[in-house]
Amino acid sequence: MVVVEKIQEMKDIVKKLKKEGKTIGFVPTMGYLHEGHLSLVRKSKSQNDITIISIFVNQIQFGPNEDYDRYPRDFERDKNLAEKEGVDYVFYPSVKEMYPDDFKTVVSVKKITDIMCGKSRPGHFDGVATVVLKLFNIINPDRAYFGQKDAQQLAVIKQMVKDLNLDVEIVPCPIVREEDGLAMSSRNTYLSDDERKSATVLYRALSLAKDLIEKGERDVSKLKKAMEDLILREKYTRIDYIEFVNYDTFEPISKVEGKVLITLAVFVGTTRLIDNIVMEV
């Protein structure tokens, strides 16, 4: 496994691989790898000759009072995990390398970023779209792998790829969960033991909505209320949002029909966690 820190070196390597006719799978990460990331790596390895991951905590997707400085980082640990999984290259650039002093460009995907995390975290998805487009231009992958847990991010990336005619296939991968249902996230490390127990309520609330829909409930306001009541029974929770949207258009809905994304963001203590499920009725 080779660690590459410079953009030009990474581009030269990719050029050589492409010349040899190799297919490239790419997994962008912010590091502190967990089983969710590693499932993306395995998927990439099963579909491509070469797998490249990036490890870069992207400061421009964090707001002024968010957790950029305390976001967990442990490159040695990540490197070992990546090597064990058979990653071929780790792209590990510095902030200066990605954003030199004269950097002036922002990529902005409209409309689908007006709700949910886009509303709660203004500018977040501009930061995501900008770094992902840069990474796609550097790595030039045939396929790129994203987890379904960040469903809105996935929608933003798909829209950007479509609108800008990028030559990369976006491969969505299922959410990986702990045994008690909590979606795996690098931010789970922030939780105290008691908060960790409360955090299972995100998936329990989604499961409750699924159960009610399967029993015939279609009214989104009633489903939201049931989810809210369950979440707020927990000691450490504060709801950021609960949204029901059409899976394809990301338009909010008032009645459950067709393919629906049920998604929520909840503060557990000071840690903001997200989760979602997809249902088709």
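Here goes a summary of the coordinates provided. (Residues numbered from 1 in each chain as written. Predicted model: local features only at pLDDT ≥ 70, side-chain atom pairs only at ≥ 80, totals over all residues. Heavy atoms only, no water.)

This part takes up the sheet that holds strand 9 (residues 271-280). If you trace the three strands from one edge of the open sheet to the other, you get 7-8-9, paired in antiparallel fashion. Taken across any chain shown, the strands that pair with only one partner, and hence form the sheet edges, are strand 7 (237-246) and strand 9. In this sheet, neighbouring strand axes are inclined to one another by 15 degrees on average, regardless of whether the strands run parallel or antiparallel. Relative to strand 8 (residues 259-268), strand 7 runs antiparallel, the two being bridged by nine bridges. Bridged to Val 245 within strand 8 is Leu 261. Here helix 9 (residues 201-214) sits on the sheet in contact with strand 7, strand 8 and strand 9, set at roughly 20 degrees to strand 9. Across the sheet, helix 10 (residues 220-232) is in contact with strand 7 and strand 8; its angle to strand 7 comes to roughly 155 degrees. (Pairing = 2+ DSSP bridges. Helix = DSSP H or I, 4+ residues; strand = E, 2+ residues; numbered from the N terminus. Axes fitted to C-alpha atoms, helices over the stretch in contact; angles between N-to-C directions. Contact = heavy atoms within 4.5 Å.)

Further remarks concern the nonpolar core. Membership of the largest hydrophobic core comes to 49 residues, with the highest contact counts inside it found for Met 10, Ile 52, Phe 91, Met 98, Phe 136 and Ile 170. The dominant element in this core, judged by the number of residues it contributes, is helix 6 (residues 124-139), at 10 residues. In terms of nonpolar packing, the next biggest core, distinct from the first, is built from 25 residues, Leu 206, Ile 242, Phe 244 and Val 256 among them. (Core = buried A, V, L, I, M, F, W, Y, C linked by side-chain atoms within 4.5 Å. Buried < 20%, exposed > 50% of the residue type's maximum accessible area, 1.4 Å probe, protein only.)

This next bit is on the sheet that holds strand 1 (residues 2-4). Either a parallel or an antiparallel arrangement is found when strands of a sheet pair, and the pairing is made through backbone hydrogen bonds. Spatially, 1-4-3-2-5-6 is the arrangement adopted by the six strands of the open sheet, whose pairing is parallel. Of all strands in the sheet, those bounded by a partner on one side alone are strand 1 and strand 6 (169-173). Between one strand axis and the next, the sheet turns through 25 degrees on average, direction left out of account. Here strand 5 (residues 143-147) pairs with strand 6 via five bridges, running parallel. Considered in strand 6, the bridge of Tyr 145 is made with Val 171. Against the sheet, helix 6 touches strand 2 (24-29), strand 3 (50-55), strand 4 (89-91), strand 5 and strand 6, its axis set at about 150 degrees to strand 2. Contacts between helix 7 (residues 151-163) and the sheet are confined to strand 5 and strand 6, with strand 6 contributing the most and set at about 165 degrees to the helix.

Okay, the pattern of salt bridges next. A complete count under the given rule lists 22 salt bridges for this structure. Here Arg 177 ties to Asp 275 by a salt bridge, and the two come within 2.7 Å at their closest N and O atoms. Of the two residues, Arg 177 sits in the loop between strand 6 and helix 8 (193-199) while Asp 275 sits in strand 9, which places them 98 residues apart along the sequence. Judged by relative accessible area, Arg 177 falls into the partly exposed class, the value being 22%. A salt bridge links Asp 229 to Lys 225, with the shortest nitrogen-to-oxygen separation between them at 3.0 Å. You can see Asp 229 and its partner Lys 225 sitting in helix 10, four residues apart, about one turn around the helix. Three or more residues are tied together by salt bridges with common partners; here these are Lys 16, Glu 20 and Lys 22. (Salt bridge = Lys/Arg side-chain N within 4 Å of Asp/Glu carboxyl O.)

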